[in-house]
Amino acid sequence: EAQVTQNPRYLITVTGKKLTVTCSQNMNHEYMSWYRQDPGLGLRQIYYSMNVEVTDKGDVPEGYKVSRKEKRNFPLILESPSPNQTSLYFCASRLLAGGRSEQFFGPGTRLTVL
Amino acid sequence: ILNVEQSPQSLHVQEGDSTNFTCSFPSSNFYALHWYRWETAKSPEALFVMTLNGDEKKKGRISATLNTKEGYSYLYIKGSQPEDSATYLCAFEAGNQFYFGTGTSLTVIP
């Protein structure tokens, strides 16, 4: 089944404790992206990647890191999480070849930073 | 930061009613306009990707139009059903960055 998976789905952590949220897709998509969703705000793009070893900042990259060492994986790293990073996070992927295409979203990761 | 606005913020309609929502976006640096359907406790699912001024797309009872010159898109739902209840998001694509609106929450009352 074609899908985007994220782990963990729920995480409660404390300020300053490094964490990684994994994202993986099995559709051979070149483009992958991370978003955060906060009440009253639309989905905001954190980072995106056009292909292996190519990453770019989105609208709200501060406090986050990403890497794209393999095409299928795009982990989101919070080196020193803070309470303002408490949010619902979505990973998404899409095909780049053939023009503008839809994004496929993962199930989301709800992160709470105490 | 680009501004993408959706209206109304929420909408309650009776089963069988037809309805429409608006997405407004910048008219410059346009690559595509995306519509998504987002049900509670699920992840957003793509409805349409629209790229050309004057585009009209249709999927069952749902259709969308695009006006890139004036910077707006309409989403129409004909004969709303309770299963149409969801939040409908639009996203403006500029290059390879996406800017989402805050969504229109639709509730269809049986």
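Just above sits the structure.
Figured I'd write up the structure that's included with this text. Computed from a prediction, not measured in an experiment: that's the story for all the values here.

Looking at the state of the cysteines
Scanning the model with the defined rule gives 2 disulfides over all chains in all. One disulfide bridge connects A:Cys23 with A:Cys91, the sulfur atoms lying 1.8 Å from each other. A torsion of -70° about the S-S bond marks the disulfide between A:Cys23 and A:Cys91 as left-handed. Separated by 68 residues along the polypeptide, A:Cys23 in strand E3 (residues 19–25) and A:Cys91 in strand E9 (residues 87–94) bring together distant segments of the chain. Residue A:Cys23 is classed as buried on the basis of its relative accessible area of 2%. The class for A:Cys91 is buried, based on a relative accessible area of 0%. The disulfide partner of B:Cys23 is B:Cys90, and the gap between their sulfur atoms is 2.0 Å. A torsion of 75° about the S-S bond marks the disulfide between B:Cys23 and B:Cys90 as right-handed. Of this pair, B:Cys23 sits in strand E3 (residues 19–24) while B:Cys90 is found in strand E9 (residues 86–94), placing the two residues 67 residues apart along the sequence. This pair shows no difference in class: B:Cys23 is buried, exactly as B:Cys90 is.

Section: the pairing of E3(B)
Residues and elements named next belong to chain B. Looking at chain direction, strand E1 (residues 5–7) and E3 are connected through 3 bridges and run antiparallel. Residue pairing across strands places Glu 5 opposite Ser 24, the latter belonging to E3. Where E3 meets strand E8 (residues 72–77), 6 bridges bridge the pair, whose relative direction is antiparallel. The residue of E8 that forms the bridge with Cys 23 is Ser 73.

What counts as what
- Residues numbered from 1 in each chain as written.
- Chains lettered and ligands numbered in written order.
- Predicted model: local features only at pLDDT ≥ 70, side-chain atom pairs only at ≥ 80, totals over all residues.
- Heavy atoms only, no water.
- Disulfide = S-S within 2.5 Å.
- Helix = DSSP H or I, 4+ residues; strand = E, 2+ residues; numbered from the N terminus.
- Buried < 20%, exposed > 50% of the residue type's maximum accessible area, 1.4 Å probe, protein only.
- Pairing = 2+ DSSP bridges.

On their own, these measurements won't tell you what the molecule is for.
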